[in-house]
Amino acid sequence: MNFADQVPKLGTLLIGIAIFFAVVALVLLLVDRAPKRNRERWQIGFLLAPAVLLLLIGLVIPAIRTTILSFMNNDGTKFVGFDNFKWMFTTPDIRVVLRNTAMWVILGPLVATSVGLVYAVLVDKTKFEKLAKSLIFLPMAISFVGAGIIWKFVYAGRVGKNEIGLLNQLVIAAHGTPWAWTVRAPWNTLFLIVVMVWIQAGFATVVLSAAIKGIPADTVEAARIDGANSWQMFWQITVPSIRPALVVVVVTISIATLKVFDIVRAMTGGNFDTSVVANEMYNQSFRYNESGHGAALALLLFLLVLPIVFYQVRAIRQRREI
Amino acid sequence: MTTNAAMLPTAERLADPMGPDNDNMGSRVRRGLSGRGASVAAILIAIVWTLPTFGLFVTSFRPVKDINSSGWWTFFAHPNLTFQNYTDVLFGASTSSGRLASYAVNSLVITIPAVILPVAIASFAAYALAWGHFKGRDWVYIGIFALQIVPLQMALIPLLQVFTSTHTPVFMRVWLAHTCFALPVGVFLLHNFMSELPREVFEAARVDGAGHAQIFRKIVLPLIVPALASLAIFQFLWVWNDLLVALVFSDGTEKSAPITQRLAGLAGTRGNDWQRLTSGAFVSIVVPLIVFLGLQRYFVRGLLAGSVKG
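Predicted model only: the values in this text are computed from it and were never measured. (Residues numbered from 1 in each chain as written. Chains lettered and ligands numbered in written order. Predicted model: local features only at pLDDT ≥ 70, side-chain atom pairs only at ≥ 80, totals over all residues.)

Caption draft 1: Molecular detail of the overall build of chain B. From N to C terminus, chain B includes 15 helices and 0 strands. When burial is assessed residue by residue, chain B has 50% of its 310 residues classed as buried. In chain B, the share of contacts with a sequence separation of at least 24, taken over all contacts with a separation of at least 6, comes to 78%. (Helix = DSSP H or I, 4+ residues; strand = E, 2+ residues; numbered from the N terminus. Buried ≥ 20, exposed ≤ 12 C-beta atoms within 10 Å, placed from the backbone. Contact = placed C-beta atoms within 7 Å.)

Here you go:
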């Protein structure tokens, strides 16, 4: 590293921090000096303006524009109707991408939530609860790229040499044949999903554990007196009592999984039939400059998020009605 | 992504969100599965969750020759320690070595403004939406809240076109993009928190003649420090760990690309240089890990208070 190269960057950082202070000072000053007439309205306007403007410029208008682009050709000059969507569902490569995304969205949240729930129940009220939860929670702090590299190393395989990957070593210890975990489709997608589960299970554990602690003690005691065993307790008391939290966890992880990008990027680069919608969206838009295709894939992601959100809203409503 | 705060225990009730609860009733009644099988299962899961990171950590300190000839688990039989991988990957002269120190500086230059800007802007907006009185207030709030479900992929292509045609400086692009994408969740989190502050405080201040600017600075700001902290940690982890926004908006070189982008690049082009990948990955992990472990309490509270961005 050349230190002289870093100086301009630090200058840029100072500019960034200066922008922060300028924005804060300007907003507070404007609010303070707001005109006397309609003062309240001016003040609210000044407080809201930066957020509303940024959201309009950075999110709302671009999202509308992306929607329009998804019905245009790849340089955005001609209206082509549903051609980009036809392309999506008829191109064999993209169909593999859609299949992979379906695998991710079905398996990722299901397995992560199950592991998180089982673990939360297992460590509940044990002496090492705090440590145990911290251990499973730790991957939440690791970037998807970092996690991808960690697992790529677990999956590492070398033909005819000493294995350096943990998983193949375990396979050999069990007298199996080493396997190219990230290469052989369609199984490789499953092994990439493992990484997502590894990251998200801690989130599930922490939220579900808090919900479990919120189950009224007399409910539990009543069931005990009725002679319920652990298995019955789990299915008939724990799971129904924490249903709302379960919905939250499954929905949150589903949406994160739907948009998964970094794991695939870092581990296989989308090769060996492992690409997913978000990765393909990036490739089409920014590598191949096919903005029509890219926009259509982005819109697909948005449309796939909707039913998940509707499901959650419905679950909340039902809950309120009871 | 949105989660419903009302359905989860409130953050204030959990003095230590990671610890076992201490109410007497609770500790007398064991709700969990008990017995040896359960402990074994728990320990097994804990091991599976820890071992991959541990293996990476051990490998990053082994000489190249050892890494490529034997598994990291043999390290304990033949300990052979080096810091060479780290000096190489951080400061190495050749371009293929990683030069991660330079990229780590970029990560820092990206992250700090991309955390403090949205936190400030979101707290202004959340205050206005929680305590201002104007027509359509609820609609503006619902609109911002609903934007959480728009995937950032929906904004990337047009945003890049705008940045390119206006020649926005590279770092500024990344800051702006992260700021915009953080606002819906930020406003939501802080609004939740602020609307629970007692009304009397505001009324008393208004009677004393304080304006919105004063109330915000002197009364609200000190009270919402915990909420600001959890939002800042979320945003820090999000930005530091981000790859997609960086790939789209940074120029991909040592001048502006963050450490994640460099690592993903190395994993793609030099996928078997484990000495570089392991030490490099660890360098990128260590900063968020320190932040996370130091401020875990705030992080978990933010999580339970109802939100994770996606």
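There is more to say, and it comes next.
Caption draft 2: Representation of the packing of helix H5 (residues 100–131) of chain B against helix H11 (residues 225–241) of chain B in the model. Residue and element names in this part refer to chain B. Interhelical geometry of H5 versus H11 gives an angle of 145° and a closest axis separation of 9 Å. The way H5 lies across H11 gives a crossing that is right-handed. Where H5 abuts H11, its residues Ser107, Ile110, Thr111, Ala114, Val115, Pro118, Val119 and Ser123 lie against Leu228, Leu231, Ala232, Gln235, Phe236, Val239 and Trp240. (Axes fitted to C-alpha atoms, helices over the stretch in contact; angles between N-to-C directions. Left-handed = near helix turned anticlockwise from the far one by under 90°.)

Caption draft 3: Representation of unusual backbone geometry. Residue and element names in this part refer to chain A. At the junction of Ala185 and Pro186, the peptide bond is cis and its omega measures out at -5° in the coordinates. Secondary-structure assignment places Pro186 in the loop between helix H7 (166–173) and helix H8 (187–213). In the Ramachandran plot, Asn38 falls in the positive-phi region, its phi being about 50° despite a non-glycine side chain. Tracing the chain through its elements places Asn38 in the loop between helix H1 (3–32) and helix H2 (39–69). Despite not being glycine, His175 has its phi angle at roughly 65°, a positive value.

Caption draft 4: Examining the domain arrangement of chain A more closely. According to the domain assignment, chain A consists of domain 1 (3–69) and domain 2 (85–321). Spacing between the C-alpha centres of domain 1 of chain A and domain 2 of chain A amounts to 36 Å. (Domains from an automatic or database assignment.)

Caption draft 5: Here's a closer look at the interface of chain A and chain B. If you look at the interface, chain A gives 110 residues, while chain B gives 108 residues. When residues of the side of chain A that touches chain B are assigned to their parent elements, the largest contribution, 17 residues, is made by H2 of chain A. Across the side of chain A that touches chain B, the residue classes break down as 71 nonpolar, 20 polar and 19 charged. (Nonpolar A, V, L, I, M, F, W, Y, C, P; charged D, E, K, R; others polar.)

Caption draft 6: Main features of the nonpolar core. The biggest cluster of nonpolar side chains holds 188 residues, and the ones touching the most others in it are Ala51, Val207 and Leu208 of chain A together with Ala125 of chain B. In terms of residue count, the dominant contributor to this core is H5 of chain B (22 residues). The two domains that each donate at least three residues to this core are domain 1 (3–69) and domain 2 (85–321) of chain A. In this structure, Leu208 of chain A is in contact with Gly116, Leu117, Ala120, Ile242, Ala245, Leu246 and Val249 of chain A, ignoring residues within four places of it in sequence. (Core = buried A, V, L, I, M, F, W, Y, C linked by C-beta atoms within 7 Å.)

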